[in-house]
Amino acid sequence: MKKLVENLPRVQRLINRWLRRMAFLCAVVVCFSSAPGKETSDVREMVQKIEELSSAGKFREAIPIAEQVLKYCEKNYGPEHSETADSLNDLAFLYNSMNDQAKALPLYQRALKIREKALGPNHPYTAISLNNLAEAYRESGDYAKAEPLYKRAVKIWENKLGSKHPNTLSGMSNLALLYQDKGDSAKAEPLYVRVLKVREETLGPDNPQVANSLSNLGTLYYHQGNYAKAEPMDQRALKIYEKAYGAENPHTANVQNNLGAIYLDQGDLVKAESFFKQAFEAREKIFGPNNPATGESINNLAWVYMDAGDYAKAEPLYQRSLKITEQTAGPDHPNTATSLNNLGVLYQMMEDYKKAEPYYQRALKIREKALGPNNPDLVSSIGGLADLYRLEKDYAKAEPLAEQALHLSEKKFGPKHQMTATAYNNLAAIYEGMGKYDRAEPLFQKGLKLFEDGLGPNHYKTGAALDNLGVLYREKGEYKKAESYALRAVEVTEKARGPEHPETATCLNDLAKVYDAMGDKAKADPLRQRAAEIRGKTKSKSASPQPSPSSSPT
């Protein structure tokens, strides 16, 4: 029986969103992979093959082999034998890794019944089955069913193994992750902190399990938008992993990726690119060029280039990441939806709306089928599609989607999260386009306050929110207010994004429009000219996309 394993990477870059669902969530998923019963060579080979395929992220290919092992156990040991329970767990783990909880859940449930009957309801191995079943429920978004199972598993481990046993601590981390997924940071944080404290006391400050706890806390703070707390957690975790495992290790690469995500959301593209490149190089060397983890790193690098306005670099990387995801996870997997959604964002930013729409629609269709129509993880697809329709001035389609995205974002992230702030802005922009200024203004103001409070007054998202209000007041004819917001927007965006970024050009052009409306051509013309020069440079970068990089780029 394998020991509890932590640090299963699950990246999701949510931008609009979404998306920036990009940080690794550390979950404990336990699977039994010992060769069932009589260790015949063919069964041993099958089990080994399952492990190899699973490690490579090739869950679909591993499933038929795991089904053969299960049939072997049922035939040779019976349907209620412990070896059969092990095989059920293995097969369920594969389905759960593919986000196919409909198939995973009954397998985990059956394994739990076998364990309870054979070992009793309070055995530590029974707790492992409880944990696995809870994990499947959490992944499916059924938190109400997952929570009591996690709690029961933790209680068993605590009673049988002690409050400081590794299994007990891992179970607490899982329970904290559940609360984190529910958006209940108040319950998640003290559990993570408690686990960290015990691990430091029992294992020492430089143990890899301590790094795991630090990374968990860093991820929690990242999703809160609290980068000042997240960064030192991940920096410390990175030092521990580098010392324990070296630079070319999956755990080291995971934390490098997390730090890249923090710097990307803060607008520090130089640091973000550096950490993402380090993670990519390590993963490619460890896992190969076509592994899902390598694909995630390629995706994250593409985000850096897209945020920098270098669409020619971003596009082939996104396409390559999509190809890897489709090959390893399948065309209907939520991870494939994430890659599709990212390409939709890219083409939207390139103002190629017709090209963006089918990517958004396919991503949404996959997620609805896999997760259900009301799952919070649909925020990026729904919000992106709503904003696309807004840009196309199709408000009848845009408004209900934006309202749905806001509702789901509040449910998933809470009313004060930056993702909710983005949803406020998106809905406000639709009302503005419809001429409903009185409905747009309070939403824009809400969004601005949330960005200022959560990310700071000089973040690029704060600059975009200021620009939105400048445009609104210009359209309302309140030119003094418009000028004040537009000037601040230019100052913040230029500082955060750089003097030649497309978003800086947008702010300059919007300020020029304010001066045009005020009749001040002398101020408007040089701003408009500078914006045009920036956009000319950006378009020249994007006009001739580079060929897709080879499978082993230097």
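Bear in mind the structure is a predicted one, so any value in this text is a computation, not a measurement.

1. A look at the overall build of the protein chain
Stage number 1. A tally of helices and strands in the protein chain yields 24 helices and zero strands.
Stage number 2. Counting every position in the protein chain, which comprises 554 residues, the buried fraction comes to 58%.
Stage number 3. Looking at the protein chain alone, contacts between residues at least 24 apart form 63% of all its contacts between residues at least 6 apart.
Stage number 4. Accessible surface, the protein chain as shown: approximately 22,600 Å² in total, 52% of it carbon and sulfur.

2. What about the confidence of the model for the protein chain?
Stage number 1. In the predicted model, the protein chain carries a mean pLDDT of 86, and 90% of its residues have values of at least 70.
Stage number 2. Across residues 1-38 the pLDDT falls below 50, and counting only partners more than four positions away or on other chains, this stretch makes 176 contacts in the model.
Stage number 3. The model gives residues 540-554 a pLDDT under 50, and that stretch makes 25 contacts with residues more than four places away or in other chains.

3. Considerations on the packing of helix H5 (residues 124-139) against helix H6 (residues 143-161)
The axes of two packed helices give the description: the angle between them and the distance between them.
Stage number 1. Where H5 contacts H6, the two axes come as close as 8 Å, and the packing angle between them is 155 degrees. Compared by their axis directions, H5 and H6 come out roughly antiparallel. Regarding H5 and H6, the two cross each other, and that crossing is left-handed. Only Tyr-143, Lys-145, Ala-146, Leu-149, Tyr-150, Arg-152, Ala-153, Ile-156, Trp-157, Lys-160 and Leu-161 of H6 make contact with H5, whose side of the interface consists of Pro-124, Thr-126, Ala-127, Ile-128, Leu-130, Asn-131, Leu-133, Ala-134, Glu-135, Tyr-137 and Arg-138.
Stage number 2. When grouped by side-chain class, the residues that make up the contact of H5 with H6 number 15 nonpolar, two polar and five charged.

4. Section: helix H17 (residues 379-391)
Stage number 1. A rise of 1.5 Å per residue sets the reference length of H17, with its 13 residues, at 18 Å; its end C-alpha atoms lie 18 Å apart and thus fit the reference within 8%.
Stage number 2. Burial of H17 is extensive: eleven of the 13 residues sit out of reach of the surface.
Stage number 3. If you check which residues of H17 are buried, you get Val-379, Ser-380, Ser-381, Ile-382, Gly-383, Gly-384, Leu-385, Ala-386, Asp-387, Leu-388 and Tyr-389.
Stage number 4. A positive backbone phi angle near 65 degrees is found at Lys-393, which sits one or two residues after H17.

5. Regarding the packing of helix H11 (residues 250-265) against helix H12 (residues 269-287)
Stage number 1. As a packed pair, H11 and H12 sit with axes 8 Å apart at the nearest point and diverge in direction by 155 degrees. In terms of axis orientation, H11 runs roughly antiparallel to H12. Judged by the twist between their axes, the crossing of H11 over H12 is left-handed. In this structure, H11 uses Pro-250, Ala-253, Asn-254, Gln-256, Asn-257, Leu-259, Gly-260, Ala-261, Tyr-263 and Leu-264 to contact H12, whose residues at the interface are Leu-269, Lys-271, Ala-272, Phe-275, Phe-276, Gln-278, Ala-279, Ala-282, Arg-283, Ile-286 and Phe-287.
Stage number 2. When its residues are assigned to classes, the contact of H11 with H12 shows 14 nonpolar, five polar and two charged.

6. Quick look at the environment of Val-195
Stage number 1. Relative to the helices and strands, Val-195 is located in helix H8 (residues 185-203).
Stage number 2. Among the residues examined, Val-195 registers a relative accessible area of 0% and is labelled buried.
Stage number 3. For the pair Val-195 and Asn-212, spaced 17 residues apart in the sequence, the C-alpha separation amounts to 10.0 Å.
Stage number 4. Residues within four places of Val-195 in sequence aside, it is in contact with Leu-169, Met-172, Ser-173 and Ser-213.

7. A look at the nonpolar core
Stage number 1. Membership of the largest hydrophobic core comes to 154 residues, with the highest contact counts inside it found for Leu-94, Met-306 and Tyr-318.
Stage number 2. Counting five residues, the second largest nonpolar core, distinct from the first, contains Val-154, Leu-169, Met-172 and Val-198.

8. Overview of the pattern of salt bridges
Stage number 1. The tally for this structure, following the rule as stated, stands at 32 salt bridges.
Stage number 2. Between Glu-116 and Arg-152 there is a salt bridge, with its nearest N and O atoms 2.8 Å apart. On the criterion of sequence distance, the pair formed by Glu-116 in helix H4 (residues 101-119) and Arg-152 in helix H6 is long-range, its members being 36 residues apart.
Stage number 3. According to the relative accessible area criterion, Glu-116 is partly exposed, its value standing at 26%.
Stage number 4. The partner of Arg-488 in a salt bridge is Glu-452, with the nearest N and O atoms 3.1 Å apart. Of this pair, Arg-488 sits in helix H22 (residues 479-497) while Glu-452 sits in helix H20 (residues 437-455), and the two are 36 residues apart along the sequence.
Stage number 5. Where salt bridges share partners, they join Glu-135, Arg-138, Glu-139 and Asp-181 into one cluster.

9. Focus on the packing of aromatic side chains
Stage number 1. The tally for this structure, following the rule as stated, stands at seven aromatic pairs.
Stage number 2. With centroids separated by 6.0 Å and ring planes inclined at 55 degrees, the aromatic side chains of Tyr-222 and Tyr-227 adopt a geometry described as tilted. Each member of the pair, Tyr-222 together with Tyr-227, is buried.
Stage number 3. Considering the side-chain rings of Tyr-263 and Phe-275, the 5.6 Å spacing of their centres and the 25 degrees angle between planes classify their relative orientation as stacked.

10. Some thoughts on unusual backbone geometry
Stage number 1. If you check the backbone angles, Glu-351 has positive phi at about 65 degrees while not being a glycine.
Stage number 2. Note on placement: Glu-351 falls in the loop between helix H15 (334-349) and helix H16 (353-371).
Stage number 3. One non-glycine residue, Lys-393, adopts positive backbone phi at about 65 degrees.
Stage number 4. For Lys-393, the position within the fold is in the loop between H17 and helix H18 (395-413).

11. Some details on the environment of Pro-232
Stage number 1. When you line up the elements, Pro-232 lands in helix H10 (residues 227-245).
Stage number 2. Judged by its relative accessible area of 46%, Pro-232 falls in the partly exposed class.
Stage number 3. The spatial distance from the C-alpha of Pro-232 to the C-alpha of Leu-259 is 9.5 Å, given a sequence separation of 27 residues.

12. A look at H5
Stage number 1. A rise of 1.5 Å per residue sets the reference length of H5, with its 16 residues, at 22 Å; its end C-alpha atoms lie 23 Å apart and thus fit the reference within 8%.
Stage number 2. Of all 16 residues that make up H5, 15 are buried, and the element is covered over most of its length.

13. Thoughts on the environment of Asp-100
Stage number 1. Tracing the backbone through its elements, the reader meets Asp-100 in the loop between helix H3 (82-97) and H4.
Stage number 2. Considered as a pair, Asp-100 and His-333 are 233 residues apart in the sequence and their alpha carbons are 8.7 Å apart.

What counts and how
- Residues numbered from 1 in each chain as written.
- Predicted model: local features only at pLDDT ≥ 70, side-chain atom pairs only at ≥ 80, totals over all residues.
- Heavy atoms only, no water.
- Helix = DSSP H or I, 4+ residues; strand = E, 2+ residues; numbered from the N terminus.
- Buried < 20%, exposed > 50% of the residue type's maximum accessible area, 1.4 Å probe, protein only.
- Contact = heavy atoms within 4.5 Å.
- Areas by Shrake-Rupley, 256 points an atom, 1.4 Å probe, with all protein chains shown as cover.
- pLDDT = per-residue confidence, 0-100.
- Axes fitted to C-alpha atoms, helices over the stretch in contact; angles between N-to-C directions.
- Parallel < 35°, antiparallel > 145°, perpendicular 65-115°, else oblique.
- Left-handed = near helix turned anticlockwise from the far one by under 90°.
- Nonpolar A, V, L, I, M, F, W, Y, C, P; charged D, E, K, R; others polar.
- Expected span 1.5 Å × (residues − 1).
- Core = buried A, V, L, I, M, F, W, Y, C linked by side-chain atoms within 4.5 Å.
- Salt bridge = Lys/Arg side-chain N within 4 Å of Asp/Glu carboxyl O.
- Phe/Tyr/Trp six-rings, centres within 6.5 Å; stacked < 30°, edge-to-face > 60°.

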